[in-house]
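Observations on the three-dimensional arrangement
Here is what each chain is made of, one letter per residue.
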Amino acid sequence: MKIKGSEISSAKRIDMVFDLYRKFGHGDYIGEPVSQIEHMSQSAQIAEEEGQETEVILAAFFHDIGNLCVNRGGFDSMNGYGTLSHEKIGADFLRDLGFPERIAKLVENHVQAKRYLTYRYPEYFEKLSEASRKTLEFQGGKMNEEEARAFETDPLFELSLKMRTWDEMAKKEHVPLPDLESYIRMAEQLIS
């Protein structure tokens, strides 16, 4: 079902996003020691600690929302390692709800950043968790030179690499969850 953000209130659109976290965020994060919501919250917390702006913090929080969208139905799995093309599914979901394109593009780019880093820096692959290595296989594997050069021209290239770093760091156990209200308020500022 395609959603048109302009057809529903901003409060309803925000509820649609955060209801995914409330209902499904506590599920397993594909073989990692944290839940989906712990992982995405930690990523956003790192962005906040680095002094990033609201759009970037929300992009970090939303980066894996496509894995939560699977609960809305109709998406392919990566053999138990999350949702195939979750970056595109999440980005399109956010676009449809009227979130800024910069957020959607950063969500979409986080997988491309992994593919890029594993190509340009072979040692990066060695640092990936087993689950992240498995998902890389489904995500197209390492980039080739042509793909890497094209990605390097993306205006969000540097920020996408940072997001990928936060993604890898955000897998620590026993980190307290932040109050979702702070992210809800950020979202309200952007789409109200």
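Everything numeric here is computed off the predicted structure, so don't read it as measured data. (Residues numbered from 1 in each chain as written. Predicted model: local features only at pLDDT ≥ 70, side-chain atom pairs only at ≥ 80, totals over all residues. Heavy atoms only, no water.)

1. Side note on the packing of helix α6 (residues 101–120) against helix α9 (residues 145–152)
Two quantities define a packed helix pair, namely the angle between the helix axes and the distance between the axes. Axis separation between α6 and α9 bottoms out at 10 Å; the angle between their running directions is 125°. Put simply, α6 runs oblique to α9. Crossing of α6 against α9: the hand is left-handed. Every residue of α9 that contacts α6 at Asn 109, Gln 112, Ala 113, Arg 115, Tyr 116, Tyr 119 and Arg 120 is listed here: Glu 145, Glu 147, Ala 148, Arg 149, Phe 151 and Glu 152. Tallied by class, the residues present in the contact of α6 with α9 amount to five nonpolar, two polar and six charged. (Axes fitted to C-alpha atoms, helices over the stretch in contact; angles between N-to-C directions. Helix = DSSP H or I, 4+ residues; strand = E, 2+ residues; numbered from the N terminus. Parallel < 35°, antiparallel > 145°, perpendicular 65-115°, else oblique. Left-handed = near helix turned anticlockwise from the far one by under 90°. Contact = heavy atoms within 4.5 Å. Nonpolar A, V, L, I, M, F, W, Y, C, P; charged D, E, K, R; others polar.)

2. Concerning the pattern of salt bridges
Evaluation of the coordinates by the stated rule reveals 17 salt bridges. Linking Asp 19 and Arg 22 is a salt bridge whose minimum nitrogen-to-oxygen distance equals 2.8 Å. Separated by three residues within a single helix, Asp 19 and Arg 22 lie in helix α1 (residues 10–24), roughly one turn from each other. You can call Arg 22 partly exposed: its relative accessible area is 39%. A salt bridge links Arg 95 to Asp 92; the nearest nitrogen and oxygen atoms lie 2.9 Å apart. With Arg 95 and Asp 92 both in helix α5 (residues 86–96), this residue pair falls three residues apart, about one helical turn. (Salt bridge = Lys/Arg side-chain N within 4 Å of Asp/Glu carboxyl O. Buried < 20%, exposed > 50% of the residue type's maximum accessible area, 1.4 Å probe, protein only.)

3. What to know about the confidence of the model for the chain
As a general rule, the predicted coordinates of low-pLDDT regions are not to be interpreted in detail. Residues of the chain with pLDDT of at least 70 account for 87%, and the chain-wide mean is 87. In the model of the chain, helix α8 (residues 130–138) stands out as the element of lowest mean pLDDT, 84, in contrast to α9, which has the highest, 98. (pLDDT = per-residue confidence, 0-100.)

4. Remarks on the environment of Phe 62
Turning to its location among the elements, Phe 62 is positioned in helix α3 (residues 54–62). Discounting chain neighbours no more than four positions away, the residues touching Phe 62 are Val 17, Phe 18, Tyr 21, Met 40, Leu 94, Phe 99, Ile 103 and Val 107.

5. Notes on α3
Most of α3 is tucked away: eight of the nine residues are buried. Listing the buried residues of α3 in full gives Glu 55, Val 56, Ile 57, Leu 58, Ala 59, Ala 60, Phe 61 and Phe 62.

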